[in-house]
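Observations on chain architecture
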Amino acid sequence: MSVGFVCDERYFWHDARDDGGPFVQRGADMETPESRRRMLNLLSLTGTLDRIERLQPLELDPTDLERVHPAEYVASFRAQSDAGGGSMGDYADFGAGSYEIAALAAGGVYAALEAVVRGEVTSAYALVRPPGHHAERTLGRGYCLLANIPIAVEKARAELGVTRVAVIDWDVHHGNGTQSVYWDDPDVLSISLHQNQLFPFESGTTGETGGPGATGTSLNIPLPAGSGSGAYEYAWDTLIAPAVDAFAPDLIVIASGFDASGLDPMGRMLLSPAGFARLTRRALDLADRWTGGRLVLAHEGGYSPVAVPFCGLYVISELLGVEPPVPFGDFGYLDDLDDQQLNIHQRAVVDAARDAAVRSGAIPD
Ligand SMILES: [Zn+2]
């Protein structure tokens, strides 16, 4: 298996101005470079970087961004960034130079996608920052300034002949941005697996299944807090896989947040690095069935500097088809928790989401 990998030093220099507010000592920030840089370090230390093919992120033009965002949005972001920083909306602050870094993040996802579509690599992981899955066309949200995956997908549809894309979002928060961009588009399937009502509070319910003409191409699985591998895998096997099979994509993209880990300060889920690897195995099985094995993963959230590096290492090891080269330190106990098993109230939520997917036409009855 050949695996591509995108990262760039500049991703770590984006300032999200997430400083915990003025009333406490600095240091409890969430959206910082730390978890991503430590993931890169672990990939280096374990020799994993030597086994994967480094890809350069593309410098995207405003015209590339404007396939998704209005020209006024892109211009406003650029002007504020040039002036020292600002905000694009809802928890979407940034410092000087973040426009170029965010455009390079979207261009990193595109570089991964292009290499996979052209057959230069089988799969690819884009370790980008800032994340993108909360960004809507006209509103930055939740640390996301540009809609990285839609920008990359739209460029691929325009220039690479990609037609039907399935985006599966396992970040612990709802993939509202991707869903909103593709709400009325029947050729992109958007599936979000997230903690119920975490962020954004008002979206991600099972009733959201797509706009007129695209019903059944937005699917949501709002898992209860406390869900572990059992719930995630039950959701994958009973809802996600059948929906992707019915949709028949020619490309699969994973919005890969690691904030559903059992150590994350922002989420209340229980996934372990091994749990993320098993989801990756399932994504590869779908890719084998539909896309000739082609699979792209774009990094999203993940705020535990302890867990994120190992989640990333285990996922990329699965892409490579090798055992993870090192254990998850002192935190392997996560895999042994009773609550990794599917609980009855989690099953009920997934079954209800599946019923909604069937009613929408996304899954055959
Ligand atoms: Zn998240």
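The rules behind these values
- Residues numbered from 1 in each chain as written.
- Predicted model: local features only at pLDDT ≥ 70, side-chain atom pairs only at ≥ 80, totals over all residues.
- Heavy atoms only, no water.
- Core = buried A, V, L, I, M, F, W, Y, C linked by side-chain atoms within 4.5 Å.
- Buried < 20%, exposed > 50% of the residue type's maximum accessible area, 1.4 Å probe, protein only.
- Helix = DSSP H or I, 4+ residues; strand = E, 2+ residues; numbered from the N terminus.
- Contact = heavy atoms within 4.5 Å.
- Donors = N, O, S within 2.8 Å, 3.2 Å for Na, K, Ca; no water.
- Tetrahedral: all angles 85-135°; square planar, octahedral: opposite > 155°, others 65-115°.
- Expected span 1.5 Å × (residues − 1).
- Pairing = 2+ DSSP bridges.
- Right-handed = clockwise from strand over helix to strand, strands pointing away.
- Axes fitted to C-alpha atoms, helices over the stretch in contact; angles between N-to-C directions.
- Phe/Tyr/Trp six-rings, centres within 6.5 Å; stacked < 30°, edge-to-face > 60°.
- Lys NZ or Arg CZ within 6 Å of the ring centre and 35° of its normal.

Regarding the nonpolar core
Counting residues in hydrophobic clusters, the biggest one holds 119 residues, and the most contacted among them are Phe-5, Ile-221 and Trp-236. In terms of residues, this core owes the most to one element, helix H4 (residues 98–117), which gives 15 residues. In this view, Phe-5 contacts Leu-40, Leu-43, Leu-49, Ile-52, Glu-53, Arg-54, Leu-55, Tyr-125, Leu-127 and Ile-316; residues no more than four positions away in its chain are not counted.

Notes on the coordination of the zinc ion
Only Asp-171 (OD), Asp-171 (OD), His-173 (ND1) and Asp-259 (OD) from the protein reach the zinc ion as donors, at distances of 2.0 to 2.7 Å. In this structure, the zinc ion is coordinated by 4 donor atoms arranged in irregular fashion, with angles at the metal of 54 to 154°. Here the donor residues for the zinc ion map to a single chain with the spacing D-x1-H-x85-D. Highlighted residues: His-173 in the loop between strand E8 (165–169) and helix H6 (176–181) and Asp-259 in the loop between strand E11 (251–256) and helix H8 (273–290), separated in sequence by 86 residues.

Points about the environment of Gly-132
Inspection of the secondary structure puts Gly-132 in the loop between strand E6 (123–126) and strand E7 (140–141). On a C-alpha basis, the gap between Gly-132 and Ile-149 in space is 6.9 Å, while along the polypeptide they are 17 residues apart. Those residues in contact with Gly-132 that lie beyond four places of it in its chain are Cys-144, Leu-146, Ala-147, Asn-148 and Glu-300.

Some remarks on H8
Think of an α-helix as turning once every 3.6 residues; residues three or four places apart then point the same way. Compared with an ideal rise of 1.5 Å per residue, which puts 18 residues at 26 Å, H8 spans 26 Å between its outermost C-alpha atoms and is within 8% of the ideal. Taken residue by residue, H8 has Pro-273, Gly-275, Phe-276, Ala-277, Leu-279, Thr-280, Ala-283, Leu-284, Leu-286 and Ala-287 as its buried positions. The elements touched by buried residues of H8 are E8, helix H7 (229–247), E11, strand E12 (295–299) and helix H9 (307–320). Downstream of H8 by one or two residues, Gly-292 has phi in the positive range, about 65°.

Structural notes on the pairing of E6
Where burial is concerned, the two faces of E6 agree: the one with Ser-123 and Tyr-125 and the one with Ala-124 and Ala-126 are both buried. Note that strand E1 (residues 3–6) and E6 share 4 bridges and pair parallel. Along E6, the bridge assignment pairs Gly-4 with Ala-124. When E6 meets E12, the two strands line up parallel, connected through 4 bridges. Following the sheet pairing, Ala-124 is matched in E12 by Val-296.

Structural notes on H4
Between its terminal C-alpha atoms H4 stretches 28 Å, which fits the 28 Å expected from 20 residues at 1.5 Å a residue. Of all 20 residues that make up H4, 18 are buried, and the element is covered over most of its length. Two residues or fewer past H4, Gly-119 is found with a positive phi of approximately 80°.

As for the pairing of E11
Of all 6 residues in E11, 6 are buried, a share of seventy percent or more. Neither face of E11 is left uncovered, since the one carrying Leu-251, Val-253 and Ala-255 and the one carrying Ile-252, Ile-254 and Ser-256 both have all their residues buried. Here E8 pairs with E11 via 5 bridges, running parallel. Residue Asp-169 lies in a different strand from E11, and its bridge partner there is Ala-255. Sheet topology places E11 next to E12; 5 bridges connect them, and they run parallel. Within E12, the residue paired with Ile-254 across the bridge is Leu-297. Between E11 and its parallel partner E12, the chain crosses via H8, and the hand of that crossover is right-handed.

Let's talk about the sheet that holds E8
The pairing of strands in a sheet happens through backbone hydrogen bonds and is either parallel or antiparallel. Ordered by their spatial adjacency, 8 strands build an open sheet running E2-E1-E6-E12-E11-E8-E9-E10, and the pairing between neighbours is parallel. Unpaired on one side and paired on the other, strand E2 (53–55) and strand E10 (218–223) mark the two borders of the sheet. Put simply, the sheet's adjacent strands are angled 15° from each other on average, direction ignored. Strands in contact with helix H5 (residues 148–159) are E8, strand E9 (188–195), E11 and E12; relative to E11, the strand with the most contacts, it is inclined by about 165°.

As for unusual backbone geometry
The linkage connecting Arg-129 with the following residue, Pro-130, adopts the cis geometry, with an omega of 0°. Topologically, Pro-130 is positioned in the loop between E6 and E7. The linkage connecting Phe-199 with the following residue, Pro-200, adopts the cis geometry, with an omega of -15°. Take Pro-200: it is sitting in the loop between E9 and E10. For Arg-17, which is not a glycine, the phi torsion comes out positive at approximately 50°. Mapped onto the fold, Arg-17 is located in the loop between E1 and helix H1 (34–45).

Brief notes about the packing of aromatic side chains
Describing an aromatic ring pair means giving the distance of the ring centres and the angle of the ring planes. Across all of its chains, the model carries 10 aromatic pairs by this definition. Site record: aromatic cluster; members linked through ring pairs are Tyr-125, Trp-170, Phe-258 and Phe-276. In this structure, Lys-155 packs its charged tip against the face of Tyr-110, placed 5.2 Å from the ring centre. Lying over the aromatic face of Tyr-234, Arg-347 brings its terminal NZ or CZ to 4.9 Å of the ring centre.

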